[in-house]
Amino acid sequence: MTADVYRRRRLTVAAGLIAVLVLGIVAVQQVRGGSSAAAPTPTAAPLPVETAPPTTVAAEQIEPAACMLEVPEVAVGDTGTDVECAQRALRAAGVMDSEVTGTFDSVTQAATRSFQAEVGLYVDGIIGKNTATELGIWPGADSFIVRTPAPPEGAVDLIGMPLSSVASAGDDAPPLPDGASMASGKRVVYDRAGQRVWAIDDEERIVRSYLVSGSQFRNEVPGIHTVYSKSEMALGWDLQADLPYMVRYTQTERGHIGFHAIPSWNDTGEALQTEDELGQKLSGGCTRQALLDAQFMYQFADVGTTVIVL
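Residues numbered from 1 in each chain as written. Predicted model: local features only at pLDDT ≥ 70, side-chain atom pairs only at ≥ 80, totals over all residues. Heavy atoms only, no water.

Draft legend 1. The arrangement of the state of the cysteines in detail. Here the structure, examined in full by the defined rule, presents one disulfide. A disulfide bridge connects C67 with C85, and the sulfur atoms are separated by 2.0 Å. Across the disulfide from C67 to C85, rotation about the S-S bond amounts to roughly 100°, and the bridge is consequently right-handed. Placement of C67 in the loop between helix 2 (57-61) and helix 3 (81-92) and of C85 in helix 3 is noted, with a sequence separation of 18 residues between them. Here the two residues C67 and C85 agree in accessibility, since each one is buried. (Disulfide = S-S within 2.5 Å. Helix = DSSP H or I, 4+ residues; strand = E, 2+ residues; numbered from the N terminus. Buried < 20%, exposed > 50% of the residue type's maximum accessible area, 1.4 Å probe, protein only.)

Draft legend 2. Quick look at the environment of G136. Residue placement: G136 occurs in the loop between helix 5 (129-135) and strand 1 (167-168). For G136, a relative accessible area of 41% translates into the label partly exposed. The sequence separation of G136 and A66 amounts to 70 residues, and the corresponding C-alpha distance is 8.9 Å. Those residues in contact with G136 that lie beyond four places of it in its chain are C67 and M68. (Contact = heavy atoms within 4.5 Å.)

Draft legend 3. Main features of the sheet that holds strand 1. Strand order across the open sheet formed by six strands is 1-4-3-2-11-5, with mixed pairing between neighbours. Either end of the sheet is taken by a strand with one partner, and the two such strands are strand 1 and strand 5 (223-226). Examined bridge by bridge, strand 3 (residues 196-200) and strand 4 (residues 206-211) share five bridges and lie antiparallel to one another. Bridging across to strand 4, V197 finds its partner in Y210. Here helix 6 (residues 291-300) sits on the sheet and contacts strand 1, strand 2 (187-191), strand 3 and strand 4; the angle it forms with strand 4, its principal contact strand, is near 140°. (Pairing = 2+ DSSP bridges. Axes fitted to C-alpha atoms, helices over the stretch in contact; angles between N-to-C directions.)

Draft legend 4. Here's a closer look at the packing of aromatic side chains. Counted under the stated rule, the structure contains five aromatic pairs. Consider the rings of Y245 and Y298, whose centres lie 5.6 Å apart with planes at 70°: the pair is edge-to-face. Of the two residues, Y245 sits in strand 7 (residues 241-252) while Y298 sits in helix 6, which places them 53 residues apart along the sequence. Given a relative accessible area of 23%, Y245 falls into the partly exposed group. Plain terms: the ring middles of Y249 and F259 are 5.2 Å apart, the flat faces sit at 40° to each other, and that makes the pair tilted. Placement of the pair is Y249 in strand 7 and F259 in strand 8 (residues 255-261), with a sequence separation of ten residues. Assigned by exposure class, Y249 and F259 land together as buried. Aromatic ring contacts, followed pair by pair, group Y190, Y249 and F259 into a single cluster. Taking NZ or CZ as reference, K186 lies 4.6 Å from the ring centre of F300, over its face. Its guanidinium or amino end placed over the ring of Y298, K230 lies 4.6 Å from that ring's centre, counting from NZ or CZ. (Phe/Tyr/Trp six-rings, centres within 6.5 Å; stacked < 30°, edge-to-face > 60°. Lys NZ or Arg CZ within 6 Å of the ring centre and 35° of its normal.)

Draft legend 5. Spatial organisation of the pattern of salt bridges. Applying the stated criterion to the full structure yields six salt bridges. In this structure, R205 engages D201 in a salt bridge whose closest nitrogen and oxygen atoms are separated by 2.7 Å. Connected via shared salt-bridge partners are D157, R208 and D293. (Salt bridge = Lys/Arg side-chain N within 4 Å of Asp/Glu carboxyl O.)

Draft legend 6. Summary view of the pairing of strand 2. The buried fraction of strand 2 is high, at five of five residues. Side chains R187, V189 and D191 project from strand 2 onto one buried face, and the interleaved V188 and Y190 project onto a second face that is buried too. Examined bridge by bridge, strand 2 and strand 3 share five bridges and lie antiparallel to one another. Looking at strand 3, one finds that Y190 is bridged to V197.

Below, the structure is given as structure tokens:
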């Protein structure tokens with residue numbers, strides 16, 4: 001056998017082996033459901049329209065709140081557009097499926113509690129700042145606060161006492177809030193929503209008005225009260241803070257509530273807040289005032305003076 005014949009036979013055998021391998025691969029792919037490179041790829045049939053996943057009824061019923069509260073909080077017994085806003089937000093959050101009625105009933109309270117537990121808030125069934133923020137309906141605390149320009153140096157109120165940086169008097173003061181006429185004559189009006197106090201004399205003049213820092217909690221009692229005692233210095237309920245110029249007007253299970261100057265720790269003398277922070281709810285129950293405003297209140301509000309809490 002010549003070398004050329006030998007090479008031709010080797011090439012022929014190699015070609016035959018390659019053909020067998022290709023046919024084997026094709027057969028295996030066909031058995032497995034695959035296709036060879038030469039086989040046409042089948043076109044998938046279009047998905048029928050009716051098999052597309054439908055939108056759930058619940059998702060269609062839950063509408064975005066698209067509103068903001070116009071009051072600092074809503075709770076059981078409240079009615080109106082602010083409650084409607086809260087109910088829409090609870091529906092949008094998926095914790096309430098009843099109708100929007102505008103009445104904060106037990107169903108709305110239960111939904112509020114469920115939402116608070118879900119997001120890790122204190123569970124009290126009241127939609128205030130923290131809960132409304134999580135629901136996306138809190139407009140910001142400053143929405144309820146009216147700030148006046150700092151008075152010029154040496155400015156005084158209508159009885160001649162110097163004004164603090166957050167105080168004004170007479171025509172420069174913000175107008176009285178709704179509810180200030182619940183009583184007449186000399187009185188003090190405290191608006192919790194606006195974190196502001198008005199001192200009114202017997203002639204219905206605004207002797208002085210200023211920002212305060214009221215309670216973070218729901219322990220202030222709205223209504224008409226009367227100043228029943230005063231102390232130039234008092235101690236906080238935990239006996240760790242000094243409360244200068246205390247004017248008491250109501251009492252709770254936890255203790256007296258009244259007006260006093262910004263407190264300070266009695267061991268270090270450090271103030272618990274700054275005057276610039278007035279207008280925010282920062283206390284545990286009483287109403288904090290700038291020192292000059294606390295000195296004014298101590299002189300203005302004699303025992304027997306009416307206090308209106310709104």
